[in-house]
Amino acid sequence: MGIQKFDIVIIGAGPAGYVCAIRASQLGLNVACIDSRPTLGGTCLNVGCIPSKALLISSHKFSEAKEHFAKHGIQTGEMTLDLATMQARQAKWVEDLTKGITYLFKKNKITFFEGQASFLGQAKVLIQLNDGHTQQVEAKHIIVATGSVPTELLGIDIDEQQIVSSTGVLSLKKVPEHLVVIGGGYIGLEMGSVWQRLGARVTVVEFLDKIIPAMDHGMGQTLYKQLSKQGLGFKLETKVTGVKKTSKGVTLFLEGIKDRQKSELSCDVVLVAAGRKPLTAGLGLEDIGVKLSPQGHIVVNQRFETNVSGVYAIGDVIPGPMLAHKAEEEGIVLAELLAGQGGEVNYGAIPAVIYTQPEVASVGKTEEELKASGIEYKVGLFPLTASSRAKANGQTEGFVKVLAGTNNDKVLGVHIIAPEAGTMIAEAVLAMEFSASSEDIARTCHAHPTLNEAFKEAALAVTGHAIHI
Ligand code: FAD
Ligand code: NAI
């Protein structure tokens, strides 16, 4: 077929690309989107956010039923696990949601090409279609939204059977006896929790002296205690120096970062979760001169323009947190800019949530960041042990921390560790979007009895006036 022309061509149909495509189409632009995956939604819907959360809720229900129902006076008898049904449920929701994006593409008249894209020129893209044919497309604006892939560790080859990435760990056929997770970040703790709840012994090997290192320190400490209590094992300040596959499983060779103490750890499955890196390979960016950062991100300005006119980038492939909602915001803002509207992403108000139990959620600055930049702040802390709803729920592990400027009381950061922290944080994000002071929150009526009252109490605690502590 001859060259097809569009206003916008988007490479990648993840949260950055598909949301950008829908918004641009809503604004009257003629849009094409390309993805090598047959199903839409990118990493997030296919092998990321959605399947991991489906397994998190299933495994949570299993562990609740096994370990906590009796406290509520509910006797269940012997519990058994039907992993195949649990996996099938996960796959069904992934299928439903990816089909939902296909429907939205049709509804918005977005042309989808299933294949591998690469630049032929700054306004021209070649698609190696999955059906074996090729197609060329041209557009005034070409957007790279190719996302990210797991970071590989030197000498550790992922086979997705014994040594797995975040993708392989989602579809293990049986519960491992011992799962070793390399990396105490988002994926390691979420997927470590899943398999620990389902019966595996789990050991997390983390390079640094703490887990979730980018989060406010207090949250990492509390989460570490809670996950340890649940049965997760940790080897902090430890690096993996080698891995050997044996007939029985895998042996990891470890070394203490400080004491250089060498040790070995045997397991049946290893999950490598040591971060993700931007995916730009095979796009031919070097041929058209698009600049990359030393870390491999595409360098863009505030309008998501690369150094090459007409070429833009959004989502995990550019710097910033590798989160679906950050990618979506960028997709919407870029579509609006290309349609001639204004807009920008408020990077100071992007929440981050780790869906362990309790959940960890954060927005704005951490105490460590405020100290490092010399900003004076006050702290309002409210423990869940003082929340009536948390007590009634029997889940009092955690707290809400509000950080507010000493001079103007403006909310600078909110950090929550609580059973529903991921939902609770939305209120804090909204408050920060509206430049709220801690007093604004403290004077806002919150329904009783809810966990969100802890947010109001933490805001009251900024001036030492919390009612329930
Ligand atoms: P992606 O979703 O990676 O999409 C990029 C798409 O581009 C892919 O479909 C890929 O096939 C396609 N592509 C790449 N190169 C080409 C090419 N040359 N030609 C054609 N197509 C191409 N984030 C959250 O906010 N919340 C969560 O709970 C969460 N959970 C996660 C759990 C896991 C296990 C993982 C791995 C990630 C999770 N994330 C989560 C992160 C989230 O998935 C990413 O931040 C998000 O998907 C990034 O969106 P994106 O559109 O930039 O890239
Ligand atoms: P991560 O960056 O969250 O954590 C990686 C951890 O591995 C860090 O603590 C790091 O210190 C450690 N590490 C790095 N190299 C190591 C080594 N050689 N040995 C031992 N430890 C090492 O990365 P992760 O968990 O792979 O997730 C990637 C990204 O995906 C996240 O940063 C996040 O952006 C996204 N994600 C988001 C989720 C959510 O929003 N709930 C869930 C899952 C992923």
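Computed from a prediction, not measured in an experiment: that's the story for all the values here. (Residues numbered from 1 in each chain as written. Chains lettered and ligands numbered in written order. Predicted model: local features only at pLDDT ≥ 70, side-chain atom pairs only at ≥ 80, totals over all residues. Heavy atoms only, no water.)

## Section: the packing of aromatic side chains
Inference 1: For the structure on display, the rule yields three aromatic pairs.
Inference 2: Ring geometry for phenylalanine 105 and phenylalanine 112: centres 6.3 Å apart, planes at 65°, overall edge-to-face.
Inference 3: Look at phenylalanine 112 and you get partly exposed, because its relative accessible area is 26%.
Inference 4: Both rings, one in tyrosine 224 and one in phenylalanine 234, keep their centres 4.8 Å apart while their planes meet at 40°; by these two values the pair is tilted. With a gap of ten residues between them, tyrosine 224 in helix H6 (residues 217-230) and phenylalanine 234 in strand S10 (residues 233-235) connect regions that are remote in the sequence.
Inference 5: Accessibility expressed as a relative area gives 15% for phenylalanine 234, which makes it buried.
Inference 6: Sitting above the plane of the tryptophan 93 ring, lysine 92 keeps its charged end 4.5 Å from the centroid. (Phe/Tyr/Trp six-rings, centres within 6.5 Å; stacked < 30°, edge-to-face > 60°. Buried < 20%, exposed > 50% of the residue type's maximum accessible area, 1.4 Å probe, protein only. Helix = DSSP H or I, 4+ residues; strand = E, 2+ residues; numbered from the N terminus. Lys NZ or Arg CZ within 6 Å of the ring centre and 35° of its normal.)

## Side note on the pairing of strand S20 (residues 399-405)
Inference 1: Most of S20 is tucked away, with seven of its seven residues classed as buried.
Inference 2: In terms of strand pairing, strand S19 (residues 377-383) meets S20 through seven bridges, oriented antiparallel. What sits directly across from glycine 380, in S20, is valine 402.
Inference 3: The pairing of S20 with strand S21 (residues 411-418) spans six bridges and is classified as antiparallel. For valine 402, the partnering residue across the bridge sits in S21 and is valine 414.
Inference 4: Connecting the antiparallel pair S20 and S21 is a turn made up of five residues, with aspartate 409 showing a positive phi of about 65°. (Pairing = 2+ DSSP bridges.)

## Focus: the site of ligand 1
Inference 1: What surrounds ligand 1 is a group of 38 residues, the closest being Asp35, Arg37, Thr43, Lys53 and Ala324.
Inference 2: Between ligand 1 and the protein, one listed contact pairs a nitrogen atom with a backbone N or O atom of serine 36 at 3.2 Å.
Inference 3: Between lysine 53 and ligand 1, the recorded distance is 2.7 Å, taken from a side-chain N or O atom to an oxygen atom.
Inference 4: Bound to the protein, ligand 1 loses 94% of the 1,000 Å² it would expose on its own.
Inference 5: Among the secondary structure elements, those contributing two or more residues to the shell around ligand 1 are helix H1 (15-26), strand S2 (31-35), helix H2 (42-47), helix H3 (49-68), strand S3 (111-121) and helix H8 (324-338).
Inference 6: A per-element tally of the shell around ligand 1 places H2 first, with four residues.
Inference 7: Considered class by class, the residues forming the shell around ligand 1 number 18 nonpolar, 15 polar and five charged. (Near = heavy atom within 4 Å. Polar contact = N/O pair within 3.5 Å; in protein donor to acceptor, adjacent residues only side chain to side chain. Areas by Shrake-Rupley, 256 points an atom, 1.4 Å probe, with all protein chains shown as cover. Nonpolar A, V, L, I, M, F, W, Y, C, P; charged D, E, K, R; others polar.)

## Some points on the domain arrangement of the protein
Inference 1: Its domain assignment divides the protein into domain 1 (4-149 + 277-347), domain 2 (163-274) and domain 3 (358-461).
Inference 2: Between domain 2 and domain 3, the C-alpha centre-to-centre distance is 30 Å.
Inference 3: Each partner contributes residues to the interface: domain 2 has eleven residues there, and domain 3 has 14 residues.
Inference 4: With both sides pooled, the region where domain 2 packs onto domain 3 buries about 960 Å², and carbon together with sulfur makes up 68% of that total.
Inference 5: For the interface between domain 2 and domain 3, the tally reads one salt bridge.
Inference 6: With its nearest N and O atoms 2.5 Å apart, the salt bridge here joins lysine 401 to aspartate 216.
Inference 7: Our enumeration of links across domain 2 and domain 3 arrives at three residue pairs in polar contact (both at pLDDT 80 or more).
Inference 8: Here the residues of the side of domain 2 that touches domain 3 are counted per class, giving five nonpolar, five polar and one charged. (Domains from an automatic or database assignment. Contact = heavy atoms within 4.5 Å. Buried area = accessible area lost by both parts, 1.4 Å probe. Salt bridge = Lys/Arg side-chain N within 4 Å of Asp/Glu carboxyl O.)

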